[in-house]
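Understanding the architecture of this molecule
Read off the chains here:
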Amino acid sequence: MSQDLLPPVAPSVTAELVEALSPRLRKRLDAGIAKLTARPVVREGDTVRIAVDDDTDLELHAPGGAVTSADAIRCGCLLAPDCLHRAAAASAAPVAEDTPDSTPAQPRGEGASQPSAAETPESPEAPQTADPAQLAAARAVYDAAAAVLEAGAEGSGAVLQAELLRAAHTARLAGLPRVAAAAVSVVNGVRAARSADPAHRLSDLVEALRTVLGMAHRLPFATGPDLAELRGSVRQPYTPDGSLRLYGLFSEPVLTTTGYAGAVTWTADAGGRLHTVSDVAPGGPGRATGAADRAVRIGDTALTHRELSRAGLVVSGATVSPTGRLGAGAGVRAVRASGAAWSAEPLDRLWAVPVAEQVARALGGGHGLLFLDVTLVGTVREATGDHLLADCDGRTVRLAVAHDDPALPYRDNLRLLAAARGSRLRVVARLAPGPLPRALLLAVEHPTRAGDRVDLGLDRLQHADLPTATAAPAAPAPPADEAPLHLLRRRVHQAVSGGRRVLGFPDSGVGDGGRLRRVGLATAGDLLGELRAAAADRSRDAFGRLLPADTGRFARAWLAAAVYTGEVERALCAAAWGTDAEVVATSR
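Residues numbered from 1 in each chain as written. Predicted model: local features only at pLDDT ≥ 70, side-chain atom pairs only at ≥ 80, totals over all residues. Heavy atoms only, no water.

1. Things to note about the overall build of the protein chain
Quick note on the threshold: Numbered from the N terminus, helices here are DSSP runs of H or I no shorter than four residues, and strands are runs of E no shorter than two. Here the term buried applies to any residue with accessible area under 20% of the maximum for its type, exposed to any over 50%, and partly exposed to those in between, with areas from a 1.4 Å probe on protein chains only. Residues count as neighbours in contact if any of their non-hydrogen atoms are within 4.5 Å of one another. All accessible areas in this document rest on Shrake-Rupley with a 1.4 Å probe, and a residue is counted as covered only by the protein chains that are shown.
In terms of regular secondary structure, the protein chain is built from 20 helices and 17 strands. Across the 588 residues of the protein chain, 51% fall into the buried class. Across the protein chain, contacts joining residues at least 24 apart in sequence account for 65% of those joining residues at least 6 apart. With an accessible surface of roughly 24800 Å², the protein chain has 54% of that area assigned to carbon and sulfur atoms.

This is how it looks when you write it as structure tokens:
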């Protein structure tokens, strides 16, 4: 059974069904999920039917596109409704989520409706503190996320996931949608890791855990604007923006570990501001590749995403979210217009911005896109995968695939581009923070057709599209990650993957702290020492039995190490691109 066929299930439903299981059935839940996912599944309208066995079916009813109540999951077995099958189905399905405006994983609705007063962050002029319900919800999220960290992705089965989903639901009810969304993203990351999803990246799960633990830790001390930021809002506020003349830049597929897929098309207005049009809904790789040929949902235009990426659009009555997403309310009108080449105005000005300034904007919380003029010089194979090496203003940049799913053509296109060594191209990439200049390649000028472009996640290059490679020798790649910060980063990542136990071994990182101190990273050495000490801190009672672990100490030690690593890597990234770290800090 493919997860793509199952409707999203609300976090509260999964938590309720798992909590209702007896202790004996909870121990069998992960095995039950594996067994259920191997069974045939059929979708009929809003109902999904799973054949539990030859005589028994389990049904999930999702009239609004998602399962929102426990009663909507029904099983025909003799033990129902207290059977394992209902909880297993909910745990196997994607998580239905309402994403706040700070998290772009699931684009919100197409209208231009404004948020209610309860959903709008408080004015900075009226400092407030979190109320008791929010404090309790933040504590529950912190404890549940710390339990996931304690077990690691490998040990965080459906029961621990359900506890974090319950905490996320509690946070949403308490008016903390951003914290709730962060908690759900951890669950999705854990599921992707445990299922060997091609889209899974350990670094993404590390960042998700760092984010949710950090927000839950900060919230009790936050006031005013900081508290409003941590709370977030349920809906993106769309504000009127009059008439817009837009020029298509490129389209990229969306395929998330949360069970959503589709396409996003990036456009720019006459002033160089970026705007996006998205079509993202529950689905898998098929929807990600097919959405590009669907009409954009704005006004009554018949343009597809693929066409808009190369054409233009005139929009009247436009509404725009803070992140640049275009609304599609009843009052919005849009008609097709001519596009522009990347080398022509107004798109050319995107590439005229100094690279260091673009990186500073991305590190400071901007859209993360880089518009680069590069010369392809070769390839290099590293632990993170094969990279295309390119010269950018005398700096060697590593260009990597934006998504690893084999259904998307990113990797095949990157492999073909490697044969075009010596080609001078304009590219669009997304910054990948790290100690070396690295970016995820999204779109490029067509190597042989002047004025045309290739959306690398949607279009497929052919050998005939490539010029003959020059005979110039490839430039040697700079050594990868010589900074000893990786000694701390590796332990931070190991904890997320394998849990506390992998850091509690006597030989885990012995001597690394001293090495960090010898090169001047004393704080990193101290943090590593505390992380190892917290991992190994297991007391015994008078009979020699292990007492419950102090998950709080381990979570605090890990969070401190993760935050420090992230900030130092941000500074190293800024330096690698020639960006002033102080400018990055002030822009955040």
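2. Considering helix H15 (residues 486-498)
As a reminder of what qualifies: What a helix is expected to span follows from its residue count: subtract one and scale by 1.5 Å.
With 13 residues, H15 extends 18 Å from end C-alpha to end C-alpha; this agrees with the ideal 18 Å at 1.5 Å per step. Among the residues of H15, those classed as buried are His486, Leu487, Leu488, Arg489, Arg491, Val492, His493, Ala495, Val496 and Gly498. Looking one or two residues past H15, Gly499 carries a phi angle of roughly 85 degrees, positive in sign.

3. Brief notes about the pattern of salt bridges
Inclusion rule: Any carboxyl oxygen of Asp or Glu that lies within 4 Å of a side-chain nitrogen of Lys or Arg is treated as forming a salt bridge with it.
Overall, the coordinates contain 35 salt bridges when judged by the stated rule. We note a salt bridge from Arg273 to Asp269, for which the minimum N-O separation is 2.8 Å. For Arg553, the salt bridge identified is with Asp537, shortest N-O distance 2.9 Å. Of the two residues, Arg553 sits in helix H19 (residues 551-576) while Asp537 sits in the loop between helix H18 (522-536) and H19, which places them 16 residues apart along the sequence.

4. With respect to the environment of Val454
With respect to the helices, strands and loops of the structure, Val454 is situated in strand S17 (residues 453-455). Taking C-alpha positions, Val454 is 9.9 Å from Ser309, a pair spaced 145 residues apart along the chain. Ignoring anything within four residues of it in the chain, the contact list for Val454 reads Arg310, Leu442, Ala443, Val444, His446, Asp459 and Leu461.

5. Some points on the side chain of Thr265
Note the threshold: What qualifies as a polar contact is a pair of N or O atoms within 3.5 Å, subject to a donor-acceptor requirement within protein and to the restriction that residues adjacent in sequence count only when both atoms come from side chains.
Residue placement: Thr265 occurs in strand S7 (residues 260-269). Using a relative accessible area of 0% as the deciding quantity, one classes Thr265 as buried. In terms of polar contacts, Thr265 uses its side chain to reach the side chain of Ser251, at 2.7 Å. Contact partners of Thr265, with chain neighbours within four places excluded, come to Phe250, Ser251, His275, Thr276, Val277, His305, Leu308 and Ser309.

6. Topic: the sheet that holds strand S4 (residues 73-75)
Put simply, the test is: Two strands are said to pair when DSSP picks up at least two bridges between them. Interaxial angle, 0 to 180 degrees, is taken between N-to-C directions of lines fitted to C-alpha atoms, where a helix line uses only the stretch in contact.
On the basis of which strands lie adjacent, the open sheet formed by 4 strands has the order S1-S2-S3-S4 and antiparallel pairing. Of all the strands in the sheet, just strand S1 (41-44) and S4 have a single pairing partner and so form its edges. Geometrically, the sheet is characterised by an average inter-axis angle of 15 degrees between neighbouring strands, direction not taken into account.

7. Describing the sheet that holds S7
Each strand in a sheet pairs with its neighbour through backbone hydrogen bonds, running either in the same direction (parallel) or in the opposite one (antiparallel). If you walk across this open sheet you meet the 5 strands as S8-S7-S6-S9-S11, and the pairing is antiparallel. Of all the strands in the sheet, just strand S8 (274-282) and strand S11 (333-337) have a single pairing partner and so form its edges. Taking each pair of neighbouring strands and ignoring which way they run, the sheet shows an average axis angle of 30 degrees.

8. Side note on unusual backbone geometry
Across the junction of Ala80 and Pro81, the peptide omega takes the value 5 degrees, indicating a cis bond. Looking at where Pro81 falls in the secondary structure, it is placed in the loop between S4 and helix H4 (84-92). A cis geometry characterises the amide bond from Glu345 onward to Pro346, with omega recorded as 5 degrees. Relative to the helices and strands, Pro346 is located in the loop between S11 and helix H12 (348-352).

9. Some details on the packing of aromatic side chains
Heads up, the rule is: The pairing test for Phe, Tyr and Trp rings, Trp by its six-membered ring, is centres within 6.5 Å, and the orientation test on the planes gives stacked under 30 degrees, edge-to-face over 60, and tilted for anything in between.
Taken as a whole and assessed by the stated rule, the structure comprises 3 aromatic pairs. Between Trp342 and Trp351, the aromatic rings sit 5.0 Å apart at their centres with planes inclined by 35 degrees, giving tilted as the arrangement.

10. Thoughts on the packing of helix H8 (residues 202-218) against H19
Where we set the bar: Just so you know how the angles are binned, under 35 degrees is roughly parallel, over 145 roughly antiparallel, 65 to 115 roughly perpendicular, and the rest oblique. In a left-handed crossing the near helix is turned counterclockwise from the far helix by less than a right angle, and in a right-handed crossing that turn is clockwise.
For the pair H8 and H19, the least separation of the axes is 10 Å and the interaxial angle reads 115 degrees. Put simply, H8 runs roughly perpendicular to H19. By crossing handedness, the relation of H8 to H19 is classed as left-handed. In this structure, H8 uses Val206, Leu209, Arg210, Leu213, Gly214 and His217 to contact H19, whose residues at the interface are Trp558, Leu559, Ala562 and Val563.

11. Structural notes on a negative patch on the surface
Under the convention used in this document: Exposure above 30% relative accessible area and the absence of a salt bridge qualify a residue for a patch, where like charges join within 9 Å and nonpolar side chains (Val, Leu, Ile, Met, Phe, Trp, Tyr) within 5 Å. In this tally, Lys and Arg are treated as positive and Asp and Glu as negative; His is ignored, and so are the chain termini. Where a charge lies is defined by one atom per residue type: Lys uses NZ, Arg uses CZ, Asp uses CG and Glu uses CD.
Residues Asp53, Asp54, Asp55 and Asp57 make up a contiguous surface patch of negative charge. Structurally, the position occupied by Asp57 is in strand S3 (residues 57-61). Exposure remark for Asp57: the relative accessible area of 36% places this residue in the partly exposed category.

12. A short note on the packing of helix H5 (residues 132-155) against H15
Quick reminder of the rule: When residue character is reported, Ala, Val, Leu, Ile, Met, Phe, Trp, Tyr, Cys and Pro are called nonpolar, Asp, Glu, Lys and Arg charged, and the others, Gly included, polar.
H15 packs onto H5 with a crossing angle of 70 degrees between their chain directions and a minimal axis gap of 4 Å. As the angle between them shows, H5 and H15 are arranged roughly perpendicular. For the pair H5 and H15, contact is made by Leu149, Ala151, Gly152, Ala153 and Glu154 and by Ala495, Val496, Ser497 and Gly498, respectively. A breakdown of the residues in the contact of H5 with H15 according to their chemical character gives 5 nonpolar, 3 polar and 1 charged.

13. Let's talk about the pairing of S7
In terms of residue burial, S7 counts as a mostly covered element, since 10 of its 10 residues are buried. Sheet analysis places strand S6 (residues 244-255) next to S7, joined by 9 bridges and oriented antiparallel. Paired with Gly248 across the bridge in S7 is Thr267. Hairpin connection of S7 to S8: 4 residues between the antiparallel strands, including Gly272 at a positive phi of 90 degrees.

14. What about H19?
For H19, spanning 26 residues, the distance from its first C-alpha to its last is 37 Å, which sits close to the expected 38 Å at 1.5 Å a residue. Of the residues flanking the start of H19, the one acting as N-cap is Asp550, its side-chain oxygen 3.2 Å from the backbone nitrogen of Gly552. Downstream of H19 by a residue or two, Gly578 has a phi angle that is positive, lying close to 75 degrees.

15. Looking at the environment of Cys392
You can see Cys392 is positioned in strand S13 (residues 385-392). The class of Cys392 is buried, set by a relative accessible area of 1%. As a C-alpha pair, Cys392 and Arg424 span 32 residues in sequence and 10.0 Å in three-dimensional space. In contact with Cys392, not counting residues within four places along its chain, are Val355, Leu372, Asp373, Val374 and Val397.

16. Digging into the state of the cysteines
Rules: Here, two cysteine sulfur atoms that lie within 2.5 Å of each other are counted as a disulfide.
Enumeration according to the criterion identifies 0 disulfides in this entry. The thiol of Cys83 is not disulfide-bonded; the next cysteine sulfur, from Cys77, is found 3.7 Å away. Residue classification places Cys83 among the buried positions, given a relative accessible area of 3%.

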